[in-house]
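What the coordinates show
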Amino acid sequence: MIRKKGQIIRLDTPNTTLVIKADTAQYIYYGKKLVSAGGFDAEVFSHRDYKIFSDWHGYDYAENSLLFDNADAGFTASFTFSKSRILDEKPEIEGLPTSYGEGKTLEVKYIDLPTKISLYLYYTVYDDSDVIAVSAKLVNGSKKEIKLRRFMSLQLDFQGVDYSFVTFEGEWARERQKISRKIESGTFVNESRKGMSSHANNPFVMAEKEGAVYGFNLLYSGNHKEVMNCTGGYRTRILTGMNDFMFEWPLAPGESFSTPEAVMCFATDADKMSSQMHEFVVEHIVRGKWKRKERPILVNNWEGTYFNFNEEKLLEIAAAAKKTGVELFVLDDGWFGKRDNDRCSLGDWTDNIEKTGGGLAQLADKIRALGLDFGIWVEPEMISEDSDLFRAHPNYAIRIPGRDPYRHRHQLCLNMADERVQNYVIRAISDVISRSKAAYVKWDYNRSVTDCYAKGIASGEFYHRYILGVYRVISKIMKKFPNVLFEGCAGGGGRFDLGMFCYFPQFWTSDDTDARMRIKIQSGTSYGYPQRVMGAHVSAVPNHQTLNSNPIETRFNVALGGVLGYELDMSQMSEEDTAAVTSQISFYKQYRQLLQFGDFYRLGDAFGGKESGFMFVSKDKSFALASVFVTERFVNTYDDRDYSIKFKGLNEAFVYEVSQRKQNNYDTDSCFTAGGDILMNGGVKLSGIFQDTQAQKNSGCVFSRVYIFNKVKK
Ligand code: DGJ
């Protein structure tokens, strides 16, 4: 709800309140919901320097949200208030994905009087969400061209310099590791310059202090930047938006530029903040047929075969998978052109007849005849130099004439900023989906952008135009195939961002499928994203990335924290593992609604503690499931006898019967009964967690158990 009293504007969400003084562009308050009628005297509540945007003038030498070469010379701009209004319809942002839903939008307009350039800020509040969507637009009302150099989507200024900046960083195969550092002076920047949101620095960040956690994210898949800037010992500034790195955007008279949408929320602790973000992603970002639909359990042949397969092998895997209860077979890389390794054929989306035994259509039919849906891998935005596409259209690749381009995984990026290239990709990928009648598409992206150049596009516009092209292609293809389930992928989780989730309902979280690493990766990811969007697979041991060996039950207990799949040659599994997998899948199906759609909580501490876990609670709190992990065993200590965990999300007043999932070598039928309050506050002993004979065979592995909670009926 948005209420105005003069230019004091109050935005209420179910649990938070944001108050802005529009005429002076000040923040008055952002935090826990205010219950009083208000009375916000800016002089009392807000320093004049807590601003909702910052242009370049006067004495503000801090990080600015907006910087451009102004029409009257220099970088100076001094926007003054023009008007504010409440809109029933949220304005579209041309070419960019946005959140959606029932709500209201506040529009505030400022003008740089000497040049007549206008700045618009938008704040959208949804009826059912604590997350506020924010964006900005600049309209060149002057008579000269101006050049945008930085235009952030969101600025939030806090009183004091006592916040920690929490970021989710890593690299390929170790995405989104939580890192927290207190910033008391200077500037800390979390950013991507890779042309994609990146494995290294996710756009989701938090500003945190005792009793207050603010979460921020950006609906953008390209270069982004999140800044925590502390000035003069009295103010902390957060900026979120497109990166100004190599960015320069000319605006002719009358033209406008809109930023991507950013989002922010406030909660009193990180668990509550994550819940708010999860509900927002689920309700206001993910869309289409798969929004509320249970996601299928898949088998993917990548780690099972890599490039080395033929039709017989694929059918063997599919048949074995079907017997265990798998629902969807995904044919990964290597099925097209002459693709026997990663040196060739990207761009040639024609069937490799030898490897598919007569082409995709036929293979897909055979898979369907086994009772599985068929899914296909593609990497649409790439090109191999050894490809017919490159031979015919070398100019489709991103490279600078006269220079040897930088190659990664032996491949080049297609110039997605070029409409001819976009149209080629739309045609080629649509054809793959049509001829295979795929029910699922894995959309991969295995390198970042370098050698930015495209004839006719200024360098400073390239990165943004590239992403606009990507969004155009994805949205056109998805419109043609509204029933297909798309899973994004970028060498694992390199483009795991809200921009992508406006299209793809799920994303491959990481190429690292090792249970120990996945606990951290999935926990880190869960701060900003719900479990329903994270692809999580059980793979073979020793794990191909880390060489760790964990029991099949442990691997499952971790993978159930996301959208479950298997990624190994299932036809080669031992009888014992096949039996375990069969019962895992039937268990997962029984609890799939809860696991994919229930409220998610992190247990323990994956980034420091020895116990951690994932917990899923039904909306009415009458049943729940928790997967608990011990990643380190200390011997002959007090801890050795008393590993424990505090569960979360239950109803304190309910009494629950707690049982354990029966794992293949350990009879876990034993139950106990306890109140929600003691389960959450008391610290429940993890009895029996080390009595896992499979785990005992492997040194250094993760021990795990799954607990099931059912409310005892009176
Ligand atoms: C990277 C992905 O993350 C993998 O799952 C697999 O699809 C390979 N690419 C195939 O090249």
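Located above this text is the structure these notes cover.
Below or above, wherever it landed, is the structure these notes cover.

Rules used throughout
- Residues numbered from 1 in each chain as written.
- Predicted model: local features only at pLDDT ≥ 70, side-chain atom pairs only at ≥ 80, totals over all residues.
- Heavy atoms only, no water.
- Helix = DSSP H or I, 4+ residues; strand = E, 2+ residues; numbered from the N terminus.
- Rg over C-alpha atoms; globule rule 2.2 N^0.38 Å.
- Buried < 20%, exposed > 50% of the residue type's maximum accessible area, 1.4 Å probe, protein only.
- Contact = heavy atoms within 4.5 Å.
- Areas by Shrake-Rupley, 256 points an atom, 1.4 Å probe, with all protein chains shown as cover.
- Lys, Arg positive; Asp, Glu negative; His and termini not counted.
- Charge placed at Lys NZ, Arg CZ, Asp CG, Glu CD.
- Pairing = 2+ DSSP bridges.
- Axes fitted to C-alpha atoms, helices over the stretch in contact; angles between N-to-C directions.
- Patch = residues over 30% accessible without salt bridge, like charges linked within 9 Å, V, L, I, M, F, W, Y side chains within 5 Å.
- Salt bridge = Lys/Arg side-chain N within 4 Å of Asp/Glu carboxyl O.
- Phe/Tyr/Trp six-rings, centres within 6.5 Å; stacked < 30°, edge-to-face > 60°.
- Lys NZ or Arg CZ within 6 Å of the ring centre and 35° of its normal.
- Near = heavy atom within 4 Å.
- Polar contact = N/O pair within 3.5 Å; in protein donor to acceptor, adjacent residues only side chain to side chain.
- Nonpolar A, V, L, I, M, F, W, Y, C, P; charged D, E, K, R; others polar.
- Core = buried A, V, L, I, M, F, W, Y, C linked by side-chain atoms within 4.5 Å.

A tally of regular secondary structure across the protein gives 16 helices and 38 strands. Compactness check: the protein gives a C-alpha radius of gyration of 26 Å against a globular reference of 27 Å for 714 residues, within 12% of the reference. Looking at the protein residue by residue over its 714 residues, the buried ones come to 62%. Put simply, 70% of the contacts in the protein that link residues at least 6 apart link residues at least 24 apart. When the accessible surface of the protein is totalled, it reaches about 26,500 Å², and 49% of it is carbon and sulfur. Each charge class in the protein can be summarised by its mean position, and for the 89 positive and 91 negative side chains these summaries are 3 Å apart.

Moving on, we get to the sheet that holds strand 27 (residues 485-488). Pairing is parallel around the closed barrel formed by eight strands, whose spatial order is 21-22-23-26-27-28-29-30. Neighbour-to-neighbour, the strand axes of the sheet open up by a mean angle of 30°, direction not taken into account. As paired elements, strand 28 (residues 506-508) and strand 29 (residues 534-539) share two bridges and run parallel to each other. In the strand pairing of strand 29, F507 is matched with M534. Along the sheet face, helix 6 (residues 360-369) touches strand 22 (328-331) and strand 23 (373-378) and points at about 140° away from the line of strand 23.

Another point: a negative patch on the surface. Side chains of E89, E102, D127, D128 and E279 sit close together on the surface and give a patch of like negative charge. Along the chain, E89 turns up in the loop between strand 6 (79-87) and strand 7 (103-112).

Before going further, it helps to spend a moment on helix 12 (residues 552-559). Counting buried positions along helix 12 yields eight of eight residues, so the element is predominantly enclosed. Buried within helix 12 are the following residues: I552, E553, T554, R555, F556, N557, V558 and A559.

The description of an aromatic ring pair uses the distance of the two centres, along with the angle that the planes make with each other. The tally for this structure, following the rule as stated, stands at 50 aromatic pairs. Both rings, one in W302 and one in Y306, keep their centres 5.0 Å apart while their planes meet at 80°; by these two values the pair is edge-to-face. For Y306, a relative accessible area of 30% gives the class partly exposed. Lying over the aromatic face of Y643, K610 brings its terminal NZ or CZ to 4.8 Å of the ring centre. Above the ring of F690, the side-chain terminus of R633 is found at 4.1 Å from the ring centroid.

On to the site of the ligand, then. Inspection of the region around the ligand gives 13 residues, with D332, D333, K442, D444 and D511 positioned closest. A distance of 2.7 Å is found between an oxygen atom of the ligand and a side-chain nitrogen or oxygen belonging to D333. In this structure, D511 approaches the ligand through a side-chain N or O atom, which is 2.4 Å from an oxygen atom. Of the residues belonging to the shell around the ligand, the class tally is four nonpolar, three polar and six charged.

Summed over the entire model, instances satisfying the criterion amount to 46 salt bridges. E283 is paired through a salt bridge with K291; the nearest N and O atoms lie 3.7 Å apart. Note on K291: relative accessible area 11%, which makes it buried. Its salt-bridge partner being D365, residue R368 comes within 3.0 Å of it at the nearest N-O pair. Taken together, the residues span about one helical turn, with R368 and D365 both in helix 6 at a distance of three residues. For D365, a relative accessible area of 42% corresponds to the partly exposed category. A network of salt bridges, in which partner residues are shared, links E63, R150, K225 and D244.

Attention shifts here to the side chain of R235. Here R235 is to be found in strand 17 (residues 235-242). For R235, a relative accessible area of 2% corresponds to the buried category. Apart from the residues within four sequence positions on either side, R235 is in contact with D49, Y50, D60, A62, D157, F158, G160, V161, N229 and C230.

In this section: the nonpolar core. In this structure, Y123, L138, W335, W349 and Y566 are the most contacted members of the largest nonpolar core, which totals 187 residues. With 27 residues, the next largest nonpolar core counts V628, F654, V684 and Y707 among its residues.

Bringing the pairing of strand 22 into the picture now. Side chains of strand 22 alternate between two faces, with L328 and V330 and F329 and L331 buried alike. Relative to strand 22, strand 21 (residues 298-300) is paired through three bridges, and the arrangement is parallel. What sits directly across from V299, in strand 22, is F329.

Pairing analysis gives four bridges linking strand 35 (residues 655-660) to strand 36 (residues 672-675), with the strands arranged antiparallel. Bridge pairing in strand 36 links V655 to G675. Two strands pair when backbone bridges link them, and strand 35 and strand 38 (residues 703-711) are joined in this way by five bridges, in the antiparallel orientation. Counted as the bridge partner of Q660 is Y707 from strand 38.

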